[in-house]
Amino acid sequence: MAHAAHDQHDLHDHEHHGPPKNFIERWVFSTNHKDIGTLYLVFALTMFFIGGSFAMVIRAELFKPGLQLVQPYFFNEMTTLHALVMIFGAIMPAFVGLANWMIPLMVGAPDMALPRMNNLSFWLMPFAFCVLLSTLFMPGGGPAGGWTMYPPLSLQGESIAYTVFAVHLMGISSIMGAINIIATILNMRAPGMDLLKMPVFVWSWLITAFLLIAVMPVLAGAVTMLLTDKYFGTNFFNAAGGGDPVLYQHIFWFFGHPEVYIMILPAFGIVSEIIPTFARKPIFGYKAMVFAIASIAFLSFIVWAHHMFAVGLPMGAEIFFMYATMLIAVPTGVKVFNWVTTMWGGSMTFETPMLFSIAFVILFTIGGFSGLMLALAPADFQYHDTYFVVAHFHYVLVTGAAFAIIAAAYYWIPKWSGNMYNETWGKIHFWSSVISVNVLFFPQHFLGLAGMPRRIPDYNVAFANFNMISSIGGFWFGASQLIFLGVVIHTVFFAKKKSPDRSWEGAKGLEWTVPSPAPFHTFAVPPVINDDELAHGHVDH
Amino acid sequence: MGHQQDDVYYVPKNSYWPIVAAIAMFTTVYGAAHWLNAQPGEAGFGKGMFWTGVVLVLGMFFGWFRSVIHESRAGSYNAQVDRSFRMGMLWFIFSEVMFFGAFFGALFYARIFSVPWLGGEGHGVLTHQFLWSTYSAAWGASGGGGPAAVGGAFQTIPAWGLPLVNTLILLSSGVTITIAHHALRGGRRGQLLLFLGLTVLLGSLFLYCQSHEYMEAYQNFNLTLHSGVYGATFFMLTGFHGMHVTLGTIMLAIIWLRCAKGHFTRDHHFGFEAVAWYWHFVDVVWLALFMFVYVL
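Treat the numbers as computed from the prediction; the structure is a model and nothing was measured. (Residues numbered from 1 in each chain as written. Chains lettered and ligands numbered in written order. Predicted model: local features only at pLDDT ≥ 70, side-chain atom pairs only at ≥ 80, totals over all residues. Heavy atoms only, no water.)

Let us look at the overall build of chain B. In terms of helices and strands, chain B carries eight helices and zero strands. Overall, the C-alpha framework of chain B stretches about 75 × 45 × 35 Å when taken along its three principal axes. Across the 296 residues of chain B, 51% fall into the buried class. With 13 positive and 12 negative side-chain charges, chain B shows a spacing of 12 Å between the two charge centroids. (Helix = DSSP H or I, 4+ residues; strand = E, 2+ residues; numbered from the N terminus. Buried < 20%, exposed > 50% of the residue type's maximum accessible area, 1.4 Å probe, protein only. Lys, Arg positive; Asp, Glu negative; His and termini not counted. Charge placed at Lys NZ, Arg CZ, Asp CG, Glu CD.)

Below is the structure:
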């Protein structure tokens, strides 16, 4: 309580010139968007390796047919927790960390709009994952019914209470983070930073934040119903009481499909920053890019039942959701063509962020096409719950979302740390990752089309070869990410090569006008906006 | 208030309240999860941990808001901060709307799809024939809360009794808080305190009636949380609404105290407005509840 008096004492002393010396004061009580962004990124990287280790268990078990290493229940825990950790612990916090670091720098704000709430948003995450992962060490084990928590399967065992509460904490964190981002973008822009001059990354986050506020409460509602069905005798998902297990799936996927775009729209934004920089051309079709993101977000609310084609929906619903889903290919196609057109005729160089971005465009498009195949209701009866689905969403989430995050880390780490990363090792990391990830996931298309179901520890010997190839790719891809860890640690702590303010020759935007590393406080007074310095300052409206 | 200039950004100082909040919420939910899984008669740490967490959460709210009120009264917040607060509150209310949306969605789905399907309509014909061929689907008491009548026979709360009274109470409270707001803007303190006080009373009266209705439902109507999907949607919707009214009433009471201490001025009273918005939101949710849970 010593701080209470302190709080009052220097209320008017807003101008700090450096970070607090005390470790706890700086990192735990922080109101600084850069420090909180760093916390998010470090947390996400940690969870990326924890979730990755779960994936290694899965691939090791599937290396050969037959039960090899782990018990089936533990295998199911691994598939469930791999998904929950990667989605809520790695991908989403990584994007929020990037938003924290970059949005205030990109719009000329001194910090996020609500800095203390920002700190709470972050600190809920480690606690949420303590709740979730502690179940692994309990007598009854962790959640093993899949990350979608379908009842009645998910209601077996005691871990559901911990899972539900962990999801509540993550949801509160996401909602507060999203409110903060919207308020920052709408209220904290420097004078002259019009909405249609903002970087595409900022636009993508504005729309993503809206999606988060709209659907995280729905997930909270869905899991609350699971909790009351299990512990308080309600009958939401029990047909004997007039409820319906399929009701859960509807509510869950009403959250779940926008959630998919929550994990990819910021990736679109990142790639839309990086490709113009290394093509040394402004982005092609800036407004089309923004409107495409907005229309994808809108469509995400009316396609959820394509996850449920095989549960026995009425025919009309199957047809509606099939066509609505295929519509998404239109704005997504606009984006892919615009990225390609931005590169067309550009003076391109291929530094690591650009390599990851180009890989993103190509491999995400493969994931998009397999998504289009899955959108066909009659075909989905064959593909449903097979490895084809696994291959599809790993192409969009690993070579999509995760590659974009890695590209962003390479792109902005000179701004964050003031040091340039080692380009040779960056390229080694890229080529090792991009080859291994295809060895890992491409054969899974064939496995799925041949009928191998997902979420099983054992399989028919007919699937043995492709599984072994996939596992080899998996171990290789996992090991490749240790290179990334090495590059990051080396860059931050040991690299000799300093970065100039504008780390990349073709980079435009306000974030490159501040020193590298970005000082603890930037834009304490609103910067004067010079349209020539913005990536999109001269877009025709 | 607000003697800071608008063209200078305001970034608040470091604070330990966020980490206290995170620890408090963790303590609450971890305790709750442990408590829920305790065997009957088992002395676990869950219950104690849960209540410790609740106390911590309450203390955190008290402390965090106290420091925010102090800063506001010291004039640290400029117009830009005020706008951020407004956006924060509006988007928070939007998230609450979506939370209720999940439960309304469950209600509509049960009424329009799952219960009629169990009675053999549409593509539920086989389920009906093989599992519950004697079940005739209907919503409410005559549907018995599903084909297995899991909670036993029950009666429903008639809409035009207590629920109607509650509707009138909440609607009047929306009027009184608006009068109070006008009084605040017009600088009429007496009227402000009177009508804001009336709003608190009406909120409390609503809660009293609601708890009376719950007792009635449990004791005389056998309408319980177990009464099939009817009981589930009824109690979860009205229950979450009741929790929000409780929270809103507490917030109104705190705002009344702050008004009495003269914290607000004619044109600088965001705390009051935020609570008023919240109260109107709770009001609108009730109207939807009254229509779809009680009347129809």
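What follows picks up the thread again.
Our next topic: the overall build of chain A. In terms of helices and strands, chain A carries 17 helices and zero strands. The C-alpha atoms of chain A give a radius of gyration of 23 Å, which matches the 24 Å a tight globule of 541 residues would have. On the principal axes, the C-alpha backbone points of chain A span a range of 65 × 60 × 45 Å. Counting over 541 residues, chain A shows a buried share of 64%. Put simply, 83% of the contacts in chain A that link residues at least 6 apart link residues at least 24 apart. Approximately 18600 Å² of chain A is accessible, and the part contributed by carbon and sulfur atoms is 72%. Averaging the coordinates of the 22 positive side-chain charges in chain A and doing the same for the 28 negative ones gives two points 8 Å apart. (Rg over C-alpha atoms; globule rule 2.2 N^0.38 Å. Contact = heavy atoms within 4.5 Å. Areas by Shrake-Rupley, 256 points an atom, 1.4 Å probe, with all protein chains shown as cover.)

Bringing the nonpolar core into the picture now. Grouped together as the largest cluster of nonpolar side chains are 280 residues, with contacts concentrated most on A:Phe88, A:Trp205, A:Trp339, A:Phe360, A:Trp412 and B:Phe272. If you count residues domain by domain, this core takes at least three from each of domain 1 (1-77) and domain 2 (81-295) of chain B. Leaving out residues up to four positions away in the same chain, A:Trp205 has contacts with A:Phe95, A:Val96, A:Ala99, A:Ile103, A:Ile181, A:Ile185, A:Leu212 and A:Pro266. Listed in part, the five residues of the second largest apolar core include B:Ala110, B:Val115, B:Leu118 and B:Val229. (Core = buried A, V, L, I, M, F, W, Y, C linked by side-chain atoms within 4.5 Å. Domains from an automatic or database assignment.)

Positionally, B:Asp283 belongs in helix H8 (residues 270-295). The side chain of B:Asp283 sits in the buried core without any salt bridge; B:Arg86 is the nearest counter-charge, 19 Å away. (Salt bridge = Lys/Arg side-chain N within 4 Å of Asp/Glu carboxyl O.)

This part covers the domain arrangement of chain B. Residues and elements named next belong to chain B. Here chain B is partitioned into domain 1 (1-77) and domain 2 (81-295). The C-alpha-based centres of domain 1 and domain 2 are spaced at 26 Å. Each partner contributes to the interface: domain 1 provides six residues, whereas domain 2 provides six residues. Interface area, domain 1 with domain 2, both sides summed: about 650 Å², of which 71% is carbon and sulfur. On the surface where domain 1 and domain 2 come into contact, there are zero salt bridges. One can count zero residue pairs in polar contact (both at pLDDT 80 or more) joining domain 1 with domain 2. (Buried area = accessible area lost by both parts, 1.4 Å probe. Polar contact = N/O pair within 3.5 Å; in protein donor to acceptor, adjacent residues only side chain to side chain.)

With the rule as written, the count across this model stands at 82 aromatic pairs over all chains. Plain terms: the ring middles of A:Tyr421 and A:Trp504 are 6.2 Å apart, the flat faces sit at 45° to each other, and that makes the pair tilted. Of this pair, A:Tyr421 sits in the loop between helix H15 (387-417) and helix H16 (423-449) while A:Trp504 sits in the segment after helix H17 (464-494); the two residues are 83 residues apart in sequence, bridging distant segments of the chain. Judged by centre distance (5.3 Å) and plane angle (90°), the ring pair of B:Tyr77 and B:Phe85 falls under edge-to-face. Here B:Tyr77 falls in the buried class, since its relative accessible area comes to 8%. For B:Phe85, a relative accessible area of 25% puts it in the partly exposed group. The aromatic ring of A:Tyr231 is capped on one face by A:Lys230, whose charged end is 5.7 Å from the ring centroid. (Phe/Tyr/Trp six-rings, centres within 6.5 Å; stacked < 30°, edge-to-face > 60°. Lys NZ or Arg CZ within 6 Å of the ring centre and 35° of its normal.)

Inspection of the secondary structure puts A:Ala128 in helix H5 (residues 115-134). As a C-alpha pair, A:Ala128 and A:Leu169 span 41 residues in sequence and 5.6 Å in three-dimensional space.

This brings us to the packing of helix H6 (residues 159-187) of chain A against helix H7 (residues 200-231) of chain A. Two quantities define a packed helix pair, namely the angle between the axes and the distance from one axis to the other. All names here are of chain A. Running from N to C, H6 and H7 cross one another at 155°; their axes reach a closest spacing of 8 Å. Considered as vectors, H6 and H7 are oriented roughly antiparallel to each other. Crossing handedness for the pair H6 and H7: left-handed. Here the contact of H6 with H7 is built from residues that sort into 27 nonpolar, four polar and one charged. (Axes fitted to C-alpha atoms, helices over the stretch in contact; angles between N-to-C directions. Parallel < 35°, antiparallel > 145°, perpendicular 65-115°, else oblique. Left-handed = near helix turned anticlockwise from the far one by under 90°. Nonpolar A, V, L, I, M, F, W, Y, C, P; charged D, E, K, R; others polar.)

A few words now on unusual backbone geometry. Residue and element names in this part refer to chain A. With omega at 0°, the peptide bond leading from Pro151 into Pro152 counts as cis. By secondary structure assignment, the location of Pro152 is in the loop between H5 and H6. Cis geometry is found at the peptide bond from Ser516 to Pro517, where omega equals -5°. Looking at the element boundaries, Pro517 is found in the segment after H17. With a phi angle near 55°, Met149 is a residue other than glycine that sits in the positive phi range. Summarising the element assignment, Met149 is placed in the loop between H5 and H6. Judged by its relative accessible area of 4%, Met149 falls in the buried class.

Bringing the interface of chain B and chain A into the picture now. At the interface, 71 residues of chain B touch 85 residues of chain A. Buried surface at the junction of chain B and chain A, summed over both partners, amounts to about 6600 Å²; 71% is from carbon and sulfur atoms. Taken as a group, B:Tyr9, B:Lys13 and B:Asn14 account for 13% of the area that chain B buries against chain A, more than any other trio of residues on that side. At the boundary of chain B with chain A, the tally comes to one salt bridge. B:Glu71 serves as the salt-bridge partner of A:Arg116, at 2.9 Å between the closest nitrogen and oxygen. Inspection of the region where chain B meets chain A yields 19 residue pairs in polar contact (both at pLDDT 80 or more). Listed by contribution, the elements that provide at least two residues to the side of chain B that touches chain A are helix H1 (17-36), helix H2 (46-73), helix H3 (79-118) and helix H7 (228-260) of chain B. Per element, the largest residue contribution to the side of chain B that touches chain A is 20 residues, and it comes from H3(B).

Interpreting fine coordinate detail is not advised for predicted regions of low pLDDT. Residue and element names in this part refer to chain B. When pLDDT is averaged along chain B, the result is 93; 97% of the residues meet or exceed 70. This stretch, residues 1-6, has a pLDDT under 50; its non-local contacts, to residues over four places away or in other chains, come to 16 contacts. Under the prediction, the complex receives an ipTM of 0.95, its pTM being 0.95. (pLDDT = per-residue confidence, 0-100.)

What follows is about H5(A). Across its 20 residues, H5(A) extends 30 Å between first and last C-alpha, which sits within 8% of the 28 Å expected from 1.5 Å per residue. In terms of burial, H5(A) is a largely internal element, 17 of the 20 residues being buried. (Expected span 1.5 Å × (residues − 1).)

The next thing to look at is the packing of H6(A) against H3(B). Put simply, H6(A) and H3(B) touch, their axes get as near as 9 Å, and they point 140° apart. Here H6(A) is positioned oblique relative to H3(B), judged by the angle of their axes. The hand of the H6(A)/H3(B) crossing is right-handed. Of the residues in H3(B), those touching H6(A) at A:Ile175, A:Ile179, A:Ile182, A:Ala183, A:Leu186 and A:Asn187 are B:Gln80, B:Arg83, B:Ser84, B:Met87, B:Gly88, B:Trp91, B:Phe92 and B:Ser95. When its residues are assigned to classes, the contact of H6(A) with H3(B) shows eight nonpolar, five polar and one charged.

All right, on to the side chain of A:His307 then. Residues and elements named next belong to chain A. For His307, the location among the structural elements is in the loop between helix H10 (286-299) and helix H11 (315-327). Of the polar contacts made by the side chain of His307, one reaches the side chain of His257; its length is 2.9 Å. Once you skip the residues sitting within four places of it in the chain, His307 turns out to touch Tyr150, Trp253, His257 and His384.

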